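# What the coordinates show
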Amino acid sequence: MTRAAARKAEAPADTGAPEAVEPAPADVTVKVAAPYQVSHDGKVYGTGETLTVPADVAEPWLLAGWVNTVNKAK
């Protein structure tokens, strides 16, 4: 049996029921705190710069103190 056939055989049957999809995280605008830099999507942002990122990206930055929230997601 080929690998593709084995994966297909192990895959659950399609029941036709829609799968639950988590909503995309809200975007949060943050300002980089001194004396830090952050990087997102290959671009580096320095002290004082603002950027908008998904909440799941901003959360660890906020906890580390690298950024401050400019506004809360609505």
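This one's a predicted model, so the numbers in the text were calculated from it and none came from an experiment.

About the thresholds
- Residues numbered from 1 in each chain as written.
- Predicted model: local features only at pLDDT ≥ 70, side-chain atom pairs only at ≥ 80, totals over all residues.
- Heavy atoms only, no water.
- Helix = DSSP H or I, 4+ residues; strand = E, 2+ residues; numbered from the N terminus.
- Buried < 20%, exposed > 50% of the residue type's maximum accessible area, 1.4 Å probe, protein only.
- Contact = heavy atoms within 4.5 Å.
- Areas by Shrake-Rupley, 256 points an atom, 1.4 Å probe, with all protein chains shown as cover.
- Core = buried A, V, L, I, M, F, W, Y, C linked by side-chain atoms within 4.5 Å.

Of the regular secondary structure elements, the protein holds two helices and five strands. Taking all 74 residues of the protein together, 19% fall into the buried category. Put simply, of all contacts in the protein between residues at least 6 apart along the chain, 49% involve residues at least 24 apart. Accessible surface, the protein as shown: approximately 5,900 Å² in total, 53% of it carbon and sulfur.

Grouped together as the largest cluster of nonpolar side chains are ten residues: Val28, Val30, Val32, Val38, Tyr45, Leu51, Val53, Ala58, Trp61 and Val67. Element by element, the count of residues in this core is highest for strand S1 (residues 27–32), at three residues.

Below, the discussion takes up the side chain of histidine 40. Examined against the element boundaries, histidine 40 turns out to sit in strand S2 (residues 38–40). For histidine 40, a relative accessible area of 18% corresponds to the buried category. Sequence-distant contacts of histidine 40, defined by excluding residues within four places in its chain, comprise Tyr45, Leu51, Val53, Pro54, Val57 and Trp61.

Mapped onto the elements, threonine 50 comes out in strand S4 (residues 50–54). It is 9.4 Å that separates the C-alpha atoms of threonine 50 and asparagine 68, two residues lying 18 residues apart in sequence. Not counting the four nearest positions on each side in its chain, threonine 50 is found in contact with Val30, Lys31 and Val70.

Our next topic: unusual backbone geometry. With glycine set apart, most residues show a phi of negative sign, and most peptide bonds adopt trans. Put simply, alanine 34 and proline 35 share a cis peptide bond, and its omega is 0°. Examined against the element boundaries, proline 35 turns out to sit in the loop between S1 and S2.

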